[in-house]
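Inside the fold
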Amino acid sequence: MPEITAQMTLLDILSDWPDTLEVFQAYDKKSGSCVCCEMLFERLEVVAEYHGWDLNQLIQDLEIQT
């Protein structure tokens, strides 16, 4: 199975691994907004940079749900 990469969009990740929605919802609390609502078509690296999140940690958190 392919791994989650920084170049994947949120939509790509959610389509391949629906359970990752829980991770994005947890990160919603950090950002104070619905990340999937606002940035669904953005690459993961763009989302992490925009919100000031650690990209490597986000990928690790997402991969736990795959």
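It should be noted that the structure appears before, not after, this text.
One structure accompanies this document, and this report is about it.

What to know about helix α5 (residues 55-64)
Along α5, the positions that sit buried rather than exposed are L58, I59 and L62. Summarising the axial view, the buried residues of α5 lie within an arc of 100 degrees, below the 170-degree limit, and thus occupy one face. Exposed and oriented more than 90 degrees from the buried face of α5 are N56 and I64. Against the buried residues of α5 lie α1 (10-16), α2 (21-31) and α4 (44-51). Its side-chain oxygen 2.9 Å from the backbone nitrogen of N56, D54 forms the N-cap of α5.

Brief notes about the state of the cysteines
The full count for this structure, using the stated rule, is one disulfide. In this model C34 forms its disulfide with C37; the gap between the sulfur atoms is 2.3 Å. Sign of the S-S torsion, about 70 degrees for the bond between C34 and C37, identifies this disulfide as right-handed. Given the relative accessible area of 28%, C34 is considered partly exposed. According to the relative accessible area criterion, C37 is exposed, its value standing at 63%. We note that C36 lacks a disulfide partner, and the nearest cysteine sulfur, in C34, lies 5.7 Å from it.

Comments concerning the pattern of salt bridges
In total, this model carries one salt bridge according to the counting rule given. The salt bridge involving R43 is made with E45; its shortest N-O contact spans 2.8 Å. By relative accessible area, which is 37% here, R43 ends up partly exposed.

Some details on the side chain of T20
Relative to the helices and strands, T20 is located in the loop between α1 and α2. Not counting residues within four places of it along the chain, the set of residues in contact with T20 comprises I4, I13, L14, L62, Q65 and T66.

Cut-offs used in this document
- Residues numbered from 1 in each chain as written.
- Predicted model: local features only at pLDDT ≥ 70, side-chain atom pairs only at ≥ 80, totals over all residues.
- Heavy atoms only, no water.
- Buried < 20%, exposed > 50% of the residue type's maximum accessible area, 1.4 Å probe, protein only.
- Helix = DSSP H or I, 4+ residues; strand = E, 2+ residues; numbered from the N terminus.
- Arc of directions from axis to C-beta.
- Contact = heavy atoms within 4.5 Å.
- Polar contact = N/O pair within 3.5 Å; in protein donor to acceptor, adjacent residues only side chain to side chain.
- Disulfide = S-S within 2.5 Å.
- Salt bridge = Lys/Arg side-chain N within 4 Å of Asp/Glu carboxyl O.

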